[in-house]
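# Examination of the molecular architecture
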2 protein chains.
Amino acid sequence: MLSTMSSPARSVDSVTDTPHRLLEAAAEAFADRGFHATTTRDIASRAGLSPAGVYVHFASKEELLYQLSREGHEVARDMLLAAAAGASTPTEALRAIMGRFATWHAEHFRVARIVQYEFANLTSEHRDAVLTLRKQIDAVVRDVVTAGVASGEFTVDDVPDTTLALMSMAVDVARWYDPEIKRTPEAIGAAYAELGLRLVRAS
Amino acid sequence: MLSTMSSPARSVDSVTDTPHRLLEAAAEAFADRGFHATTTRDIASRAGLSPAGVYVHFASKEELLYQLSREGHEVARDMLLAAAAGASTPTEALRAIMGRFATWHAEHFRVARIVQYEFANLTSEHRDAVLTLRKQIDAVVRDVVTAGVASGEFTVDDVPDTTLALMSMAVDVARWYDPEIKRTPEAIGAAYAELGLRLVRAS
DNA sequence: GTCTATATAGCGATAGAC
DNA sequence: GTCTATCGCTATATAGAC
């Protein structure tokens, strides 16, 4: 697994694991230059292999993209589910999921960009698989908004609209985030948690 | 000029104007498949020309991208300036600019995607020129937020953060918008104007 | 200003030695 | 499982006829 989570768990030899190195090389290249602008030679040389070395471990360039996209989506989904499950009120849940989601999009902005912007470059089978994960992610946020409306904590004009706007704010962090900036991913998460709550509060 | 504005003005012979046809062909291709995945043969054949025909009118594929990106940014900036200038209070101004911005990102989602996602594929000179336009766009929104805080109509934790979040919501419309959906760009704009106001209101 | 033909380069992926 | 060498193809861009 790529280090798309902040949890410490990882086997020590992951640095010398060639498929893992290839995935990391591909993640950097795809995020920086885009899928089509990245060459398999780029990926191979970043991972310290010859051009042919890639194909021992992955059937195609798209297969690398798919594994990155799928795992990125799964990690994001599981993170949101855990954040929502650990909260005792919709307000707390929204604060937790928005904070974690925005933080993740900053901390793992390379994988997040692949998740958000390279979707169209998957094969149709792989697009379908990822689409299922996207719907699950969407459902976590929507369910929290719905629960808040039901409990009376939130007042919104339209649940799907508000859900989408919440996601837009957090997702867009991956577009503008630059590791050079001073703000920490955690500070960004805290700010977005508060902005998210503003979107669902009565006026 | 490409039809990136909803204003009716346009010369009748724009359909037969070859550079214009090439720009429209490039806009469609870049938005659907991305800059690097688009071939100059794609663009030429969509415009009804041979592969070589492109180079009579544009020096390179990147030149087509630059003209689309620059004009898209200019139109967006001018639209926001006009919307802000026509409002008599910060509340009205924010409603106007968020509504217009979100509507534009739906109505012209192809050019908007080029504006938002193909920035990195410009040459460094062209990137610099576009960056200037981006700062102007940002300033329009930031000035409205600042004015609202000064007048007491808005209460925000942080002006740059809030400005960015407002832009994120509207910009992201270009990512998810699909002309197949039933909602009109105007309805989307109206919803986003209200969501924008929520972000700046006191709690 | 458009075409056909092509130069030049780089692509993704494979063959076969080690 | 890694390499060198290369296949077959497509890319951007140009040359020169009309």
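These numbers come from a predicted model, not from an experiment.

Another aspect to go through is the overall build of chain A. Each helix and strand counted, chain A has 10 helices and zero strands in total. Counting helices and strands in the order they occur from the N terminus, chain A gives α-α-α-α-α-α-α-α-α-α. Here the C-alpha radius of gyration of chain A, 18 Å, is about what a compact globule of 203 residues would show, namely 17 Å. Viewed in the frame of its principal axes, chain A has a C-alpha envelope of about 60 × 35 × 30 Å.

Under the UniProt annotation, the feature "domain: HTH tetR-type" (unreviewed entry) is placed at residues 16-76 of chain A. With 70% helix and 0% strand, residues 16-76 of chain A has its two end C-alpha atoms placed 26 Å apart.

Right, let's get into the packing of helix H5 (residues 90-107) of chain B against helix H10 (residues 185-200) of chain B. Residue and element names in this part refer to chain B. Contact geometry of H5 with H10 gives a least axis separation of 7 Å together with a crossing angle of 140°. On the basis of their axis angle, the class for H5 and H10 is oblique. Read as a crossing pair, H5 and H10 show a hand that is right-handed. Of the residues in H10, those touching H5 at Thr91, Leu94, Arg95, Met98, Gly99, Ala102, Thr103, Ala106 and Glu107 are Pro185, Glu186, Ile188, Gly189, Tyr192, Ala193, Glu194, Gly196, Leu197 and Val200. Of the residues that constitute the contact of H5 with H10, the class distribution is 10 nonpolar, five polar and four charged.

In the vicinity of DNA strand C lie 15 residues, with Thr39 and Thr40 of chain A together with Ser50, Val56 and His57 of chain B positioned nearest. Those atoms of DNA strand C that come within 4 Å of the protein belong to sugar or phosphate at a rate of 57%. Between DNA strand C and the protein, one listed contact pairs a phosphate oxygen with a backbone N or O atom of Thr40 of chain A at 2.8 Å. Take Thr18 of chain B: an N or O atom from its side chain is 3.5 Å from a phosphate oxygen of DNA strand C. For the surface near DNA strand C, the secondary structure elements donating two or more residues are helix H2 (40-46) of chain A together with helix H3 (54-57) of chain B.

A word on the interface of chain A and chain B. Contacts between the two partners involve 28 residues from chain A, matched on the other side by 28 residues from chain B. Interface area, chain A with chain B, both sides summed: about 2,500 Å², of which 54% is carbon and sulfur. The largest per-residue losses of area from chain A upon contact with chain B belong to Asp161, Arg175 and Arg198 of chain A, which jointly make up 25% of the total buried on that side. Taken together, the connections running from chain A to chain B amount to two salt bridges. Those elements giving two or more residues to the side of chain A that touches chain B turn out to be helix H6 (109-117), helix H8 (159-171), helix H9 (173-176) and helix H10 (185-200) of chain A. Of the residues belonging to the side of chain A that touches chain B, the class tally is 13 nonpolar, six polar and nine charged.

The environment of DNA strand D is formed by 15 residues, the closest being Ser50, Val56 and His57 of chain A together with Thr39 and Arg41 of chain B. Between DNA strand D and Thr18 of chain A, the relevant distance is 3.5 Å, taken from a phosphate oxygen to a side-chain nitrogen or oxygen of the residue. Elements with a contribution of two residues or more to the surface near DNA strand D: helix H3 (54-57) of chain A together with helix H2 (40-46) of chain B. The residue makeup of the surface near DNA strand D, split by class, is five nonpolar, seven polar and three charged.

Time to look at the nonpolar core. Core analysis: the largest hydrophobic core is formed by 81 residues, its most contacted members being Met169 and Tyr192 of chain A together with Met169 of chain B. Sequence-distant contacts of Tyr192 of chain A, defined by excluding residues within four places in its chain, comprise Met98, Ala102, Met169, Ala170, Val173 and Trp176 of chain A together with Leu164 and Ala165 of chain B.

This part takes up the UniProt feature "DNA-binding region" (unreviewed entry) in chain A. The positions UniProt marks with the feature "DNA-binding region" (unreviewed entry) are residues 39-58 of chain A. Within the segment residues 39-58 of chain A, helix and strand shares are 55% and 0% respectively, and the terminal C-alpha atoms sit 14 Å apart.

Superposing chain A onto chain B takes a rotation of 180° plus a shift of 0.0 Å along the axis, which leaves an RMSD of 0.0 Å. Expressed as a symmetry operation, the mapping of one chain copy onto the other fits a two-fold axis.

Further remarks concern the environment of Ser88 of chain B. Residue and element names in this part refer to chain B. Checked against the element boundaries, Ser88 lands in the loop between helix H4 (61-85) and H5. Of the residues examined, Ser88 reaches a relative accessible area of 62% and is grouped as exposed. A polar contact is formed between the side chain of Ser88 and the side chain of Glu92, at a distance of 3.3 Å.

Let us look at H6 of chain A. Most of H6 of chain A is tucked away: seven of the nine residues are buried. Taken as a whole, H6 of chain A has its buried residues at Phe109, Val111, Ala112, Arg113, Ile114, Val115 and Gln116 of chain A.

Residues and elements named next belong to chain B. Considering the arrangement of structural elements, one finds Ala84 in helix H4. A residue is classified by how much of its surface remains accessible, and Ala84, at 21% relative accessible area, is partly exposed. Linking Ala84 and Ile97, residues 13 residues apart in sequence, is a C-alpha distance of 6.2 Å. When neighbours within four sequence positions are excluded, Ala84 is seen to be in contact with Ala93, Ile97, Val140 and Val144.

Reading guide: rules and limits
- Residues numbered from 1 in each chain as written.
- Chains lettered and ligands numbered in written order.
- Predicted model: local features only at pLDDT ≥ 70, side-chain atom pairs only at ≥ 80, totals over all residues.
- Heavy atoms only, no water.
- Helix = DSSP H or I, 4+ residues; strand = E, 2+ residues; numbered from the N terminus.
- Rg over C-alpha atoms; globule rule 2.2 N^0.38 Å.
- UniProt positions renumbered as here; feature names shortened; annotations may be inferred.
- Axes fitted to C-alpha atoms, helices over the stretch in contact; angles between N-to-C directions.
- Parallel < 35°, antiparallel > 145°, perpendicular 65-115°, else oblique.
- Left-handed = near helix turned anticlockwise from the far one by under 90°.
- Contact = heavy atoms within 4.5 Å.
- Nonpolar A, V, L, I, M, F, W, Y, C, P; charged D, E, K, R; others polar.
- Near = heavy atom within 4 Å.
- Polar contact = N/O pair within 3.5 Å; in protein donor to acceptor, adjacent residues only side chain to side chain.
- Buried area = accessible area lost by both parts, 1.4 Å probe.
- Salt bridge = Lys/Arg side-chain N within 4 Å of Asp/Glu carboxyl O.
- Core = buried A, V, L, I, M, F, W, Y, C linked by side-chain atoms within 4.5 Å.
- Buried < 20%, exposed > 50% of the residue type's maximum accessible area, 1.4 Å probe, protein only.
- Least-squares fit on C-alpha atoms with pLDDT ≥ 70 in both.

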